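Listed below are the residues making up each chain.
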Amino acid sequence: MPKKRNVTELYEQWKNEELPIDLKNELIQMEGDAAAIEDRFYQFLSFGTGGMRGVLGAGTNRMNIYIIRWAAEGLASYIDSQGEEEKKRSVVIAMNSL
């Protein structure tokens, strides 16, 4: 899990990154809306019984390419730490089309 930061710091960090235009626009539109910022940045999406699921959008509490990359990197690090035999197994990262 990433180091805990306050939602304003995370929002500002994301807003200052080079992001796809749809995510950047979403962040700009919520400027000054403390409730929207809090909802998108108060936690990181987590794994549940069905994998990671969440609302699409900008933020750490939304499903987007950055959260998927973060989760995939964490999974890869975990598998790597388990030894050579575990590295030979398969992993599937998929998208629900519903």
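Along each chain, numbering runs from 1 in the same order as the chain's sequence is written. For a predicted model such as this one, the threshold for reporting local features is a pLDDT of at least 70, and the threshold for listing and counting side-chain atom pairs is 80 or more; totals across whole chains, interfaces and linings nevertheless cover every residue. The basis for the side-chain values is all heavy atoms of the structure; hydrogens and waters are excluded.

- Looking up the chain in an unreviewed UniProt entry gives the name Alpha-D-phosphohexomutase alpha/beta/alpha domain-containing protein, with the organism given as Ureibacillus thermophilus.
- UniProt positions are given in the numbering used here, feature names are shortened, and annotations may be inferred rather than shown by experiment. Of the chain, the UniProt comment under Sequence similarities (unreviewed entry) reads exactly: "Belongs to the phosphohexose mutase family."

Side note on helix α1 (residues 7–15)
- Among the residues making up α1, those that are buried are V7, L10, Y11, W14 and K15. Relative to the axis of α1, the buried residues are bounded by an arc of 130° and lie together on one face.
- Any pair of residues with heavy atoms lying within 4.5 Å of one another is described as a contacting pair. Only DSSP runs of H or I reaching four residues or more are called helices, and only runs of E reaching two or more are called strands; each is numbered from the N terminus. For α1, the secondary structure elements touched by its buried residues are α2 (21–29), α3 (34–41) and α4 (65–81).
- For α1, the side-chain oxygen to backbone nitrogen distance between the N-cap and T8 is 3.0 Å, and the N-cap itself is N6. Burial classes: relative accessible area under 20% of the type maximum marks a residue as buried, over 50% as exposed, and values in between as partly exposed (1.4 Å probe, protein chains only). The reported arc concerns the directions from the helix axis to the C-beta atoms and nothing else. Pairs of N or O atoms within 3.5 Å make up the polar contacts considered here, provided that, within protein, one atom can donate a hydrogen while the other can accept it, and that residues adjacent in sequence are counted only when both atoms are side-chain atoms.

Some points on the packing of α1 against α3
- Interaxial angles span 0 to 180 degrees and are taken between N-to-C directions of axes, which are lines fitted to C-alpha atoms, for helices over the stretch in contact. Two elements in contact, α1 and α3, have axes separated by 9 Å at closest approach and are oriented at 85°. By the angle between their directions, the pair α1 and α3 is classed as roughly perpendicular. Residues V7, L10, Y11 and W14 of α1 lie in contact with α3, whose contacting residues are I37, E38 and F41. An angle below 35 degrees is read as roughly parallel, one above 145 as roughly antiparallel, one from 65 to 115 as roughly perpendicular, and any other as oblique.

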